[in-house]
Amino acid sequence: MPRVSAEHMERRRQQILDAAQLCFAHKGFHETSMQDIFTESDLSAGAVYRYFKSKNDIIAALAAETTVELRATMTTAIRSDPLPTPAQLIRVIAEFVVANSGPDGPVRLAPQAWALALVHPEAAEYVKESVRAMRDRWTEYVERMVEVGWLPPDTDIHAVTTAIVGLVPGFMLQHLIVGDPDPETLARGVAILLPYGEPAVQPVDS
């Protein structure tokens, strides 16, 4: 039997995820069955189950994919010159969240994936990887804040990252459940709490 290439396996995996996303868009997350995904992907049950053990695994994988694009957006902003202020960066992130959180948007999968991670080890792996990768982006941003003098040289990078990383999930839950917070409101709040780089704030003496 010929060996299946890694590229082929990745294409097949993406085929399944794309089909699942279409099904979720048409029928909603809860009403979509695995049979719907088999049909939409034009693959057998065995082929789909080779990559994902359940619909929960697919939900977790799709949620993880969403963070890939979000991390790319963050990376572009973090590595720009001049460095965006915390308020500017959080506005960019919040705008991404809002743009992808429509009735069947992929951002809506995130809270479901978090809940699944608490009880399903397979789903937990997807979520852990995503959380760690997002934390890495925030770590890079905090390091750059030190470089430009917004934070002192002896800043506890890990502690600051741990504190700031919770801003996005907090906004996401408020936006999805309550429905009223918007990116501009979040950015204003961050500018008050973390005014580094704002006009009235002077750099920390090094």
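Use the structure listed above.
Residues numbered from 1 in each chain as written. Predicted model: local features only at pLDDT ≥ 70, side-chain atom pairs only at ≥ 80, totals over all residues. Heavy atoms only, no water.

1. As for unusual backbone geometry
Here is step 1 of the chain: The linkage connecting Asp81 with the following residue, Pro82, adopts the cis geometry, with an omega of 5°.
Here is step 2 of the chain: Positioned with a positive phi, Asp42 is a non-glycine residue whose angle comes to about 60°.
Here is step 3 of the chain: Within the secondary structure, Asp42 sits in the loop between α2 (34–41) and α3 (45–49). (Helix = DSSP H or I, 4+ residues; strand = E, 2+ residues; numbered from the N terminus.)

2. Looking at the packing of helix α5 (residues 86–99) against helix α10 (residues 183–193)
Here is step 1 of the chain: As a packed pair, α5 and α10 sit with axes 8 Å apart at the nearest point and diverge in direction by 155°. Between α5 and α10, the interaxial angle falls into the category roughly antiparallel. Along this stretch, α5 crosses α10, giving a crossing that reads as right-handed. Between α5, through Pro86, Ala87, Ile90, Arg91, Ala94, Glu95 and Val98, and α10, the contact on the second element is made entirely by Pro183, Glu184, Leu186, Ala187, Val190 and Ala191.
Here is step 2 of the chain: Grouping the constituent residues of the contact of α5 with α10 by class yields 10 nonpolar, no polar and 3 charged. (Axes fitted to C-alpha atoms, helices over the stretch in contact; angles between N-to-C directions. Parallel < 35°, antiparallel > 145°, perpendicular 65-115°, else oblique. Left-handed = near helix turned anticlockwise from the far one by under 90°. Contact = heavy atoms within 4.5 Å. Nonpolar A, V, L, I, M, F, W, Y, C, P; charged D, E, K, R; others polar.)

3. Description of helix α7 (residues 121–147)
Here is step 1 of the chain: Compared with an ideal rise of 1.5 Å per residue, which puts 27 residues at 39 Å, α7 spans 39 Å between its outermost C-alpha atoms and is within 8% of the ideal.
Here is step 2 of the chain: After α7 finishes, the residue Gly149 shows a positive phi value of roughly 90°. (Expected span 1.5 Å × (residues − 1).)

4. What about the packing of helix α6 (residues 109–117) against α7?
Here is step 1 of the chain: One can describe the packing of α6 onto α7 by two numbers: an axis separation of 7 Å at closest approach and a directional angle of 125°. Judged on the interaxial angle alone, α7 and α6 are oblique. As α6 runs across α7, the sense of the crossing is left-handed. Contact with α6, carried on its side by Ala113, Trp114, Leu116 and Ala117, involves Ala123, Ala124 and Val127 of α7 and no other residues of that element.
Here is step 2 of the chain: Among the residues forming the contact of α6 with α7, the class breakdown is 7 nonpolar, no polar and no charged.

5. Let's talk about the pattern of salt bridges
Here is step 1 of the chain: For the coordinates displayed, the defined rule picks out 7 salt bridges.
Here is step 2 of the chain: Put simply, Glu10 and Arg13 hold a salt bridge, and the shortest N to O gap is 3.9 Å. Linking Glu10 with Arg13, this pair stays in helix α1 (residues 6–27), spanning 3 residues, or about one helical turn.
Here is step 3 of the chain: The salt bridge involving Arg91 is made with Glu184; its shortest N-O contact spans 3.2 Å. Here the residue Arg91 occupies a position in helix α5, and Glu184 occupies one in helix α10, the gap between them amounting to 93 residues.
Here is step 4 of the chain: You can call Arg91 partly exposed: its relative accessible area is 26%.
Here is step 5 of the chain: Where salt bridges share partners, they join Arg79, Arg137 and Glu140 into one cluster. (Salt bridge = Lys/Arg side-chain N within 4 Å of Asp/Glu carboxyl O. Buried < 20%, exposed > 50% of the residue type's maximum accessible area, 1.4 Å probe, protein only.)

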